[in-house]
Amino acid sequence: MKFSLSYLTVSAAILSLSACTDAPSTQSPSTKSVATQDSSHTQVPDFWPVLDIAIKADAGVEKKVAELLAQMTTEQKVAQTIQPEIRDITVEDMRQYGFGSFLNGGGAFPDNNKHATPQDWIAVAQAMYLASVDASLDGSSIPTMWGTDAVHGHNNVIGATLFPHNIGLGAMHNPALIKEIAKVTAQEVMATGIDWVFAPTVATVQDDRWGRTYESYSEDPAVIRQYSHAIVEGLQGDPQKGFFNDDNVISTVKHFIGDGGTVKGDDQGDNVDTEQQLFELHGQGYVGGLSAGAQSVMASFNSWHGDKVHGNHYLLTQVLKDRMGFDGFVVGDWNGHGQIKGCSNESCPQAMNAGLDIYMVATPAWKPLYENTLAQVKSGEIPLTRLDDAVSRILRVKIRAGLFDKPAPAERKYAKLANIIGNEAHRAVARQAVRESLVLLKNNAQLLPLKAKQSFLLAGDGADNIGKQSGGWSITWQGTGNTNDDFPGGHSIYGGIKERVLAAGGNIELAAKGDYKNKPDVAIVVFGEEPYAEGNGDIDNLDYQRGNKRDLALLKKLKAAGIPTVSIFLSGRPLWVNAELNASDAFIAAWLPGSEGQGIADVILADQTGKAAFDFVGRLPFSWPVSPTQTPLNFNDKDYQPLFKLGYGLSYATPTELNNDLNEGVASDGNSVQTRAIFERSAIAPWFVAVIDGDKADRMNSNTLQTQALSLRTQDRRVQEDSLQISWLNDHGAKFALMNSFPEDLRAMLEAQASLQFDIKLIDRLPKTLTLAMECGSDCGAKIELATNLTDSINEWQTVSVDLQCFTQLGLNFANVFSPFILEAKQGTTVGVSDIKIVPHSANTATVQCKL
């Protein structure tokens, strides 16, 4: 699910299924009559199953649904289908409209306070709940429900337990532990007054270039099916102990359907699989999760053969509801309805007619969407019977979940208990998950386990960095802008190793760049991908640190010094690391382990007898690429030969030597200088967004940043929050900047006759002055006047490109660029910017050219 920048698997028994061409009676006939698909989709193939769903239809529940529905006005019904975001509504809005639900996006916090306490979260839940049951304005006392992305623990809340991301959990192959993780997550969510989580993600990823690969448990659909069943039972309860007790929340199986199989791993792209492949590869998580009783399904951003799933009646209604028998509700993803042809964020009858029951409508678009949907129902464009079916599904889930019977959020069991968020018992579960998720890829000369009583060097920028080891969806949506202080109670990998080494009488030195004072007995280097989420993590090939092999240089430096080296690789997917494997004596795929980094020390360190307390039990949930351009085929295909197969993993009991002569060559495509993205939906590492005011630089760590001189916020252009809006509040010389703490050598771009390209929108008026600059350190930089090079189009996007030679001629040193993009303007100027990049071989066609 896509959210704001500083704004988100089973029982071991295989379920028995029956296939039938007769649709179950859970779907109203009126909804079936709203057909939007062609005649080729009039018959659902037999391979789609009729599910035996754990939560059965109940006459008492249906009677109450019918009674409530009969009492509701059309306005009240439409309000149940509108889900706004906490930054876009007030308590009074809730009192006036009575929204059926609301959400917080990733990186959205009470009062926009990143460090909001659990009590602050409860206060919002309490206020919204009381406003929803207050009938004084809207005449409705139906309780609202709050949904959140708790995708690896309650990851938006400071101090919460953060588990390994799903890809690491998939390496465990342990459904029982998955269920326990879900139980812990539910308790921590309930402790903040929230009723509903947007999990589990059941994507079966088939192309590791996708930026959401780490949200998938495996490329094997059988694992997805098992895990989905287990996590739904952990979140909602199970038939043995009962559903929706005090420690349960509503779960969401997402994203229906095919998100893991888009062409080239393109986020929100097109899946062109056959219908049978769609079921066999991408439908198994729904077989598992819905059979366990999941009460909500989230529609996917992706298309299937060019049709957006949010508007696909065949998939949402005929397959999911009519054939599979799902009687809960379908919720959209972040303004996903607005991507349907003919729709906007403010108006989309096609989505509801297709089977969407709740519009997730972030941004202030919620109000016109409410008004337009109401008008469309009254005009008959959306049949009243379709609205009634959607609202019946919402009410059914609320009744089953006990929302009509539970006390207000502040009075619920887990909200009143102290020491729920991030307690030691919960962290112990996470620590076990870390241990079991580690996959040993190399252990030459049986270097591991390491005796703790010796001299250690801990190197790499991930060694003492809880934010990096946690990845995206950690406090903020992208997982960026965090420090170790943002994870109270958490442990970095270095912290866990240090504790064990010092207790054993060894010594340890932390030096991120490997510049040790005393030569160690062994070096442990922790490195890997920078945090990202969703499409911001999309890549075009799997070469790790392509074009900037700084971690490889560190490994080679230690190898040249004769120091045995253990590599701990942090990543959200398998990547091509042949050279790094060759330069390491031992190599561990640690994935994104979350807040409990000491779980790594548990496995790699031994006592003085040389025995480790825990062995490596993790096995690859994804095959590992043999080349940077290898993309997965069906993992059962005999022609698919990865470097390491699905299920590979060494242990102390199975010592194996890996040759140090893995192929390190990369085939050239004849164009070695590639486009360098600087801002693409968000700042691309190593760049970050900041406001420079005099000698002070304020970094943007959430979806908004406001200083006395300048205001920044994310905005929607093509998709949610993919651009920035910048407003100058005074004439004190504040600057918007994309910058880095260290200089970048961009001379290759200059030599490749590149231009700086970006899209800009002038909001409401033409600026009198608007300068564009690059900076290369103190008293080193160059700027040009941009206003005279813009068209006079107001409130429309235009593309601008500037020949890099323009900056060179004004004195910029491209060998040391700290900031490649800086804007400065006068008070009253507001602009939008997006898609900032340096493009080789484009200077001759640049908007602004500066010939020598």
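The structure under discussion appears in the preceding block.
Throughout what follows, the structure given in this document is the object of discussion. What you see as residue numbers is a count from 1 along each chain, following the sequence as written. Given that this is a predicted model, residues contribute local features only at a pLDDT of at least 70 and side-chain atom pairs are listed and counted only at 80 or more, while totals for whole chains, interfaces and linings are drawn from all residues. Note that the side-chain values use all heavy atoms of the structure and ignore hydrogens as well as water.

Another aspect to go through is the overall build of the protein. A run of DSSP states H or I qualifies as a helix once it reaches four residues; a run of E qualifies as a strand once it reaches two. Both are numbered from the N-terminal end. Secondary structure assignment for the protein yields 24 helices and 35 strands. The globule rule puts the C-alpha radius of gyration for 852 residues at 29 Å, and the 27 Å found for the protein is close to it. Along the first, second and third principal axes, the C-alpha atoms of the protein reach 75 × 75 × 55 Å. For the exposure calls, accessible area comes from a 1.4 Å probe over protein chains only, and a residue counts as buried if that area is under 20% of its type's maximum, exposed if over 50%, partly exposed in between. Residue burial in the protein is summarised as follows: out of 852 residues, 64% are buried. Computed over 71 positive and 98 negative side-chain charges, the separation of the two mean positions in the protein equals 2 Å. Both definitions apply: the radius of gyration is a C-alpha atom measure, and the globule rule equals 2.2 Å times residues to the power 0.38. Positive charge is attributed to Lys and Arg, negative charge to Asp and Glu, and no charge count is given to His or to the chain ends. By convention, charge coordinates are those of NZ in Lys, CZ in Arg, CG in Asp, or CD in Glu.

Another point: the packing of helix 8 (residues 175–190) against helix 9 (residues 221–236). Following both chains from N to C, one finds helix 8 and helix 9 inclined at 35°, their axes separated by 7 Å at the closest point. In this structure, the crossing between helix 8 and helix 9 has a hand that is right-handed. In this structure, helix 8 uses Pro-175, Ile-178, Lys-179, Ala-182, Lys-183 and Ala-186 to contact helix 9, whose residues at the interface are Gln-226, Tyr-227, Ala-230, Ile-231, Glu-233, Gly-234 and Leu-235. In this classification, Asp, Glu, Lys and Arg are treated as charged, Ala, Val, Leu, Ile, Met, Phe, Trp, Tyr, Cys and Pro as nonpolar, and every other residue, Gly included, as polar. Among the residues forming the contact of helix 8 with helix 9, the class breakdown is eight nonpolar, two polar and three charged. Note on geometry: axes are lines fitted to C-alpha atoms, helical ones only across the stretch in contact, with angles between N-to-C directions running from 0 to 180 degrees. Here a crossing is called left-handed whenever its near helix is offset anticlockwise from the far helix by less than a right angle, and right-handed whenever the offset is clockwise. In this analysis, two residues are considered to be in contact whenever any of their non-hydrogen atoms come within 4.5 Å of each other.

Two cysteine sulfur atoms make up a disulfide if the distance between them is within 2.5 Å. For the coordinates displayed, the defined rule picks out three disulfides. One disulfide bridge connects Cys-776 with Cys-780, the sulfur atoms lying 1.7 Å from each other. Taking the sign of the torsion about the S-S bond as the criterion, the disulfide between Cys-776 and Cys-780, at about -85°, is left-handed. We note that Cys-776, like Cys-780, is buried. Here Cys-806 is linked by a disulfide to Cys-850, with a sulfur-sulfur distance of 1.9 Å. Handedness of the Cys-806-Cys-850 disulfide follows from its S-S torsion of about 95°: it is right-handed. In this pair, Cys-806 is assigned in helix 24 (residues 805–809) and Cys-850 in the segment after strand 35 (830–839), connecting sequence segments 44 residues apart. One exposure class covers both Cys-806 and Cys-850, and it is buried.

The subject of this paragraph is helix 11 (residues 284–291). For helix 11, the tally of buried residues reaches eight of eight residues, placing the bulk of the element in the interior. Within helix 11, the full set of buried residues consists of Gln-284, Gly-285, Tyr-286, Val-287, Gly-288, Gly-289, Leu-290 and Ser-291. On its buried face, helix 11 sits against helix 9, strand 7 (252–256), helix 10 (275–282), strand 9 (296–299) and helix 12 (313–323). Within two residues after helix 11, Gly-293 carries a phi angle of roughly 105°, on the positive side.

Here we take up the pattern of salt bridges. Salt bridges are identified by distance alone: a Lys or Arg side-chain nitrogen within 4 Å of an Asp or Glu carboxyl oxygen. As enumerated under the stated definition, the model contains 39 salt bridges in all. Residues Asp-602 and Arg-435 are paired through a salt bridge, measuring 3.0 Å at the closest nitrogen-oxygen approach. Residue Asp-602 is found in helix 22 (residues 598–604), and its partner Arg-435 is found in helix 17 (residues 424–437); the two are separated by 167 residues along the sequence. We note that Asp-602, like Arg-435, is buried.

Let us now look at the sheet that holds strand 8 (residues 270–271). What the three strands build is an open sheet, ordered 8-10-11; its pairing is mixed. Unpaired on one side and paired on the other, strand 8 and strand 11 (307–308) mark the two borders of the sheet. When DSSP locates at least two bridges between a pair of strands, those strands are taken to pair. Bridge count between strand 10 (residues 303–304) and strand 11: two bridges; the pairing is antiparallel. Bridge assignment links Trp-304 to a residue of strand 11, and that residue is Asp-307.

Let us look at the pairing of strand 27 (residues 710–715). Two faces, one strand: in a regular strand the side chains alternate between the faces of the sheet. The buried fraction of strand 27 amounts to five of the six residues, a majority that puts the element mostly inside the structure. Between the end of strand 26 (residues 704–706) and the start of strand 27, which pair antiparallel, lie three residues. Two elements, strand 27 and strand 28 (residues 723–728), share six bridges in a ladder whose sense is antiparallel. For Thr-714, the partnering residue across the bridge sits in strand 28 and is Leu-724.

What follows covers the environment of Thr-192. With respect to the helices, strands and loops of the structure, Thr-192 is situated in the loop between helix 8 and strand 4 (196–197). Residue classification places Thr-192 among the buried residues on the basis of a relative accessible area of 0%. Remark: the alpha-carbon pair of Thr-192 and Phe-644, spanning 452 residues in sequence, is separated by 42 Å. Not counting residues within four places of it along the chain, the set of residues in contact with Thr-192 comprises Pro-118, Trp-121, Ile-122, Ala-125, His-154, Val-157 and Ile-421. Polar contact is defined as a pair of N or O atoms within 3.5 Å, subject to the rule that within protein one atom must be able to donate a hydrogen and the other to accept it, and that residues adjacent in sequence are counted only when both atoms are side-chain atoms. For Thr-192, the side chain forms a polar contact with the side chain of His-154, separated by 2.9 Å.

This part covers unusual backbone geometry. With an omega dihedral of 10°, the bond running from Ala-199 to Pro-200 counts as a cis peptide bond. Looking at the element boundaries, Pro-200 is found in the loop between strand 4 and helix 9. Lys-254 connects to His-255 through a cis peptide bond whose omega is -5°. Take His-255: it is sitting in strand 7.

Moving on, we come to the packing of aromatic side chains. Centre distance within 6.5 Å is the pairing criterion for rings of Phe, Tyr and Trp, where only the six-membered ring of Trp is used; planes under 30 degrees apart are then read as stacked, over 60 as edge-to-face, and the remainder as tilted. Counted by the stated rule, this structure contains 25 aromatic pairs. Judged by centre distance (5.1 Å) and plane angle (75°), the rings of Phe-758 and Phe-821 are edge-to-face. Of the two residues, Phe-758 sits in strand 30 (residues 755–762) while Phe-821 sits in strand 34 (residues 819–825), which places them 63 residues apart along the sequence. Across the pair, exposure class does not vary: Phe-758 and Phe-821 are buried alike. Among the aromatic residues, those joined into a ring-pair cluster are Phe-527, Tyr-544, Phe-569, Phe-587, Trp-591 and Trp-624. It is Arg-435 that lies over the ring of Phe-614; its NZ or CZ is 4.0 Å from the centre. Criterion for a charge above a ring: Lys NZ or Arg CZ within 6 Å of the ring centre, and within 35 degrees of the ring normal. It is Arg-699 that lies over the ring of Phe-688; its NZ or CZ is 3.9 Å from the centre.

What follows covers the sheet that holds strand 18 (residues 522–528). Reading across from one edge, 14-20-19-18-16-17 is the order of the six strands in this open sheet, with mixed pairing throughout. Both edges of this open sheet fall to strand 14 (439–443) and strand 17 (507–510), since each of them pairs with a single strand only. Between one strand axis and the next, the sheet turns by 20° as a mean value, whatever way the strands run. Here four bridges tie strand 16 (residues 455–459) to strand 18, and the two strands are oriented parallel to one another. In the sheet register, Leu-458 faces strand 18, and the bridge partner there is Ile-524.

Our focus in this paragraph is helix 19 (residues 493–503). What helix 19 keeps buried is the set Ile-493, Tyr-494, Gly-496, Ile-497 and Val-501. Along the axis of helix 19, the buried positions cluster into a sector of 165°, meaning they face one direction only. In helix 19, those exposed residues whose orientation departs by more than 90 degrees from the buried face are Glu-499 and Ala-503. The first or second residue beyond helix 19 is Gly-505, which carries a positive phi of 90°. To be clear, the arc concerns the directions from the helix axis to the C-beta atoms.

Turning our eyes to something else, we now look at the environment of Pro-593. One can find Pro-593 in the loop between strand 20 (586–591) and helix 22. A relative accessible area of 0% places Pro-593 in the buried class. Pro-593 sits 21 residues away from Gly-572 along the chain, and the two C-alpha atoms are 10.0 Å apart. Apart from residues lying up to four places away in sequence, Pro-593 is in contact with Leu-162, Phe-163, Pro-164, Val-434, Gln-469 and Leu-570.

In this section: the packing of helix 8 against helix 17. Taken N-terminus to C-terminus, the directions of helix 8 and helix 17 make an angle of 145°; their axes are 10 Å apart at the nearest point. Note that helix 8 runs across helix 17; the crossing there is left-handed. On the side of helix 8, the interface is formed by Leu-177, Glu-180, Ile-181, Val-184, Gln-187 and Glu-188, while helix 17 contributes His-426, Val-429, Gln-432, Ala-433 and Glu-436. Across the contact of helix 8 with helix 17, the residue classes tally to five nonpolar, three polar and three charged.

Function cannot be inferred from these measures alone, as they are strictly geometric.
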